[in-house]
Amino acid sequence: ELPENWTDTRETLLEGMLFSLKYMGMTLVEQPKGEELSAAAVKRIVATAKASGKKLQKVTLKVSPRGIMLNDSGTNELIENVSIYRISYCTADKIHDKVFAYIAQNQLNENLECHAFLCTKRKM
């Protein structure tokens, strides 16, 4: 539960905010941003996640001015550290109201990837 004034605290802004989510997956996208583009990407990720029938990986996502850090909730192992300069778009999906997604450029191959996460609550 976020306090009403969580954005006002200097520590939160500098250190980052932690979110406990479930990682749904990733798909490649053609462009760095766009509502329709991200909605279509999220739709693909959700369909793939449902079709696989596997349990979603529990992750801790830290958002800070430096970017996004993704850790496995169980092992605390670093999965990904995405620089703020590589992130081109973030969205809360309109159809899947508990889904948060971001588009970022892969550091190794320059591909544009859309990563999607399932939140416990719509407000999150």
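Going by the annotation in an unreviewed UniProt entry, the name recorded for the protein is Low density lipoprotein receptor adapter protein 1, with Nipponia nippon given as the source organism. Looking at the Subcellular location (unreviewed entry) heading of the UniProt record, one finds this comment for the protein: "Cytoplasm".

What follows deals with the overall build of the protein. A tally of helices and strands in the protein yields two helices and seven strands. Starting at the N terminus and walking to the C terminus, you meet the elements of the protein as α-β-α-β-β-β-β-β-β. Relative to its full complement of 124 residues, the protein shows a buried share of 34%. Long-range pairs, those at least 24 residues apart, make up 49% of the contacts in the protein with a sequence separation of at least 6. Total accessible area on the protein is roughly 8,400 Å²; 53% of this is exposed by carbon and sulfur atoms.

Time to look at the environment of Phe100. One can find Phe100 in strand S6 (residues 99–105). The exposure class assigned to Phe100 is partly exposed, which follows from its relative accessible area of 21%. Taking the C-alpha atoms as reference, Phe100 lies 5.8 Å from Ala116; in sequence the two are 16 residues apart. With residues near it in sequence (within four places) discarded, Phe100 still touches Leu61, Cys90, Thr91, His115, Ala116, Phe117 and Cys119.

Let us now look at the packing of aromatic side chains. In this description, a pair of aromatic rings is defined by centroid distance and the angle of the planes. Scanning all chains against the criterion turns up four aromatic pairs. When the ring of Tyr23 is compared with that of Phe117, the centres are 5.2 Å apart and the planes differ by 50°; the resulting orientation is tilted. One end of the pair, Tyr23, is in strand S1 (residues 17–28); the other, Phe117, is in strand S7 (residues 112–118), with 94 residues separating them in the sequence. Accessibility assignment for this pair places Tyr23 and Phe117 in one class, buried. Aromatic rings pair up to connect Tyr23, Phe100, Tyr102 and Phe117 into one cluster.

Scoring rules and cut-offs
- Residues numbered from 1 in each chain as written.
- Predicted model: local features only at pLDDT ≥ 70, side-chain atom pairs only at ≥ 80, totals over all residues.
- Heavy atoms only, no water.
- UniProt positions renumbered as here; feature names shortened; annotations may be inferred.
- Helix = DSSP H or I, 4+ residues; strand = E, 2+ residues; numbered from the N terminus.
- Buried < 20%, exposed > 50% of the residue type's maximum accessible area, 1.4 Å probe, protein only.
- Contact = heavy atoms within 4.5 Å.
- Areas by Shrake-Rupley, 256 points an atom, 1.4 Å probe, with all protein chains shown as cover.
- Phe/Tyr/Trp six-rings, centres within 6.5 Å; stacked < 30°, edge-to-face > 60°.

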